[in-house]
Amino acid sequence: MSPSDVLWTPGDERIEHSQLRAFASRVGRGADDAGALHRWSVEEPEEFWRAVWRFADVRGDPGERVLADGHRMPGARWFPEARLNFAENLLRRDDDQDALVFVDEGGRRRVWSYRELRRQTARLAAALRTRGIGPGDRVAGYLPNIPETVAAMLAATSLGAVWSSCSPDFGVRGVLDRFGQIEPRVLFSADGYHYNGRRFDSVERLPEILEGLPSVEHVVVVPHTRDVTGRDLKAVRNGVPLGDFVAGENQGEIEFARLPFAHPIYILFSSGTTGQPKCIVHGAGGTLLQHLKEQRLHVDLRPGERLFYFTTCGWMMWNWLVSGLASEATLILYDGSPFHPSGARLFELAEKEGVSV
């Protein structure tokens, strides 16, 4: 690449005040030499990852050791004595700053503050605990990219349960190919979703999905495109509207279960292009620390900035997006077609919502 091919270069002031520069200065490595910083991160991984933990102010106890059996692949164990909770780190704020701004293709807009997100998560966590959900149980989401999806994930992971999600545009077979492998005890679903100016019903698919998921004990239906009552869910085994599921539950403090660094929080899936989708399990500590490193040091994401990524809940970038809460950012959630009503939809969204990243 020649100098004439460079589209943009940050100014000296931006470089000087970047979090990467602050991190390099703090650890005394490569403040003026990115190559030296990178070499250190590779050659001294234990020092590097402990420094990332401290720089990102991870909530939890890191323990004494950073790496055990580092020569083994597989078999190496990071932070083998650490205890933490993924959701606790994403819910570190409890104030009126915007946490989630949801916009759909039709322009409908909803905003949750960090305080509201914490309140909704607390109610869902209490409801899940009441029904016996705890560490290692699987909770699945058949949901669009809406605030309730984030709250359901945080509620599940606050208890040590494992979250897995797919997009509501997946057909019955696509859902069963994924969730049929993980035996979820709870399934969250929206009543439907909008795409390209049309409404699609999710409730009508649920009876067939549940035939293939005998492990599901509770189906929680989130009203998204219309009001949902128990009468609407007569054909859905153990189906209840979200409001009924959390009715009477405490909205107080969340009891975060601090668990080992490698405790699973997510099950994602391969694309399924070479047979049945393959389960990919992600641990709490590794996911949190890697995302904090990417978002704080690579992206320079800061508290109060507005982070957007166009994704559904069936793609791993949704999981990356929600980790922005750990950097105290505001997440912009969009659901629907990126080309409705025109190809400028996402550019208009970025401008109107003041997207930073």
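Just above sits the structure.
These numbers come from a predicted model, not from an experiment. (Residues numbered from 1 in each chain as written. Predicted model: local features only at pLDDT ≥ 70, side-chain atom pairs only at ≥ 80, totals over all residues. Heavy atoms only, no water.)

### Section: the sheet that holds strand E1 (residues 60-61)
Two strands in a sheet stick together by hydrogen bonds in their backbones, pointing the same way (parallel) or opposite ways (antiparallel).
Here is step 1: The three strands lie next to each other as E1-E4-E14, forming an open sheet whose pairing is antiparallel. Either end of the sheet is taken by a strand with one partner, and the two such strands are E1 and strand E14 (259-260).
Here is step 2: In terms of strand pairing, E1 meets strand E4 (residues 83-84) through two bridges, oriented antiparallel. Considered in E4, the bridge of Asp61 is made with Arg83. (Pairing = 2+ DSSP bridges. Helix = DSSP H or I, 4+ residues; strand = E, 2+ residues; numbered from the N terminus.)

### Here we look at the pattern of salt bridges
Here is step 1: Summed over all chains, the structure comprises 27 salt bridges.
Here is step 2: For Arg226, the salt bridge identified is with Asp191, shortest N-O distance 3.9 Å. Here the residue Arg226 occupies a position in the loop between strand E12 (218-222) and strand E13 (239-241), and Asp191 occupies one in the loop between strand E9 (186-190) and strand E10 (192-195), the gap between them amounting to 35 residues.
Here is step 3: Classification of Arg226 as partly exposed rests on a relative accessible area of 30%. (Salt bridge = Lys/Arg side-chain N within 4 Å of Asp/Glu carboxyl O. Buried < 20%, exposed > 50% of the residue type's maximum accessible area, 1.4 Å probe, protein only.)

### Considering the packing of helix H6 (residues 114-130) against helix H7 (residues 147-158)
Here is step 1: In the contact formed by H6 and H7, the axes pass within 8 Å of each other and the chain directions differ by 55 degrees. Taken together, the axes of H6 and H7 are oblique relative to one another. Crossing geometry of H6 relative to H7 is assigned as right-handed. Contacts between H6 and H7 pair Leu117, Gln120, Thr121, Leu124, Ala125 and Leu128 from the former with Val150, Ala151, Ala152, Leu154, Ala155, Ala156 and Ser158 from the latter.
Here is step 2: Grouping the amino acids of the contact of H6 with H7 by side-chain chemistry returns 10 nonpolar, three polar and no charged. (Axes fitted to C-alpha atoms, helices over the stretch in contact; angles between N-to-C directions. Parallel < 35°, antiparallel > 145°, perpendicular 65-115°, else oblique. Left-handed = near helix turned anticlockwise from the far one by under 90°. Contact = heavy atoms within 4.5 Å. Nonpolar A, V, L, I, M, F, W, Y, C, P; charged D, E, K, R; others polar.)

### Quick word on unusual backbone geometry
Here is step 1: In this model, Met73 is joined to Pro74 through a cis peptide bond whose omega is 0 degrees.
Here is step 2: Locating Pro74 in the fold gives a position in the loop between strand E2 (67-68) and strand E3 (77-78).
Here is step 3: Of note, the amide linkage connecting His340 to Pro341 takes the cis form, showing an omega dihedral of 5 degrees.
Here is step 4: One can find Pro341 in the loop between strand E18 (330-335) and helix H13 (345-353).

### What to know about H7
Since the α-helix packs 3.6 residues into each turn, any two residues three or four apart lie on the same face.
Here is step 1: A rise of 1.5 Å per residue sets the reference length of H7, with its 12 residues, at 16 Å; its end C-alpha atoms lie 17 Å apart and thus fit the reference within 8%.
Here is step 2: Counting buried positions along H7 yields 12 of 12 residues, so the element is predominantly enclosed.
Here is step 3: Considered for burial, the residues of H7 that qualify are Pro147, Glu148, Thr149, Val150, Ala151, Ala152, Met153, Leu154, Ala155, Ala156, Thr157 and Ser158.
Here is step 4: Note on H7: the residue one or two positions beyond its end, Gly160, has a positive phi of about 90 degrees. (Expected span 1.5 Å × (residues − 1).)

### Side note on the packing of aromatic side chains
Here is step 1: Tallied over the entire structure, the rule returns 15 aromatic pairs.
Here is step 2: Geometrically, the ring pair formed by Phe23 and Trp40 is tilted, given 6.5 Å between the ring centres and 45 degrees between the ring planes. With Phe23 in helix H2 (residues 19-27) and Trp40 in helix H3 (residues 34-43), the pair connects residues that are 17 residues apart, well separated along the chain. Grouping residues by exposure puts Phe23 and Trp40 together as buried.
Here is step 3: Where Phe310 meets Tyr334, the ring centres are 6.1 Å apart and the plane angle is 50 degrees; that geometry is what we call tilted. Of the two residues, Phe310 sits in the loop between strand E17 (306-308) and helix H12 (316-322) while Tyr334 sits in strand E18, which places them 24 residues apart along the sequence. (Phe/Tyr/Trp six-rings, centres within 6.5 Å; stacked < 30°, edge-to-face > 60°.)

These figures capture arrangement, not role.
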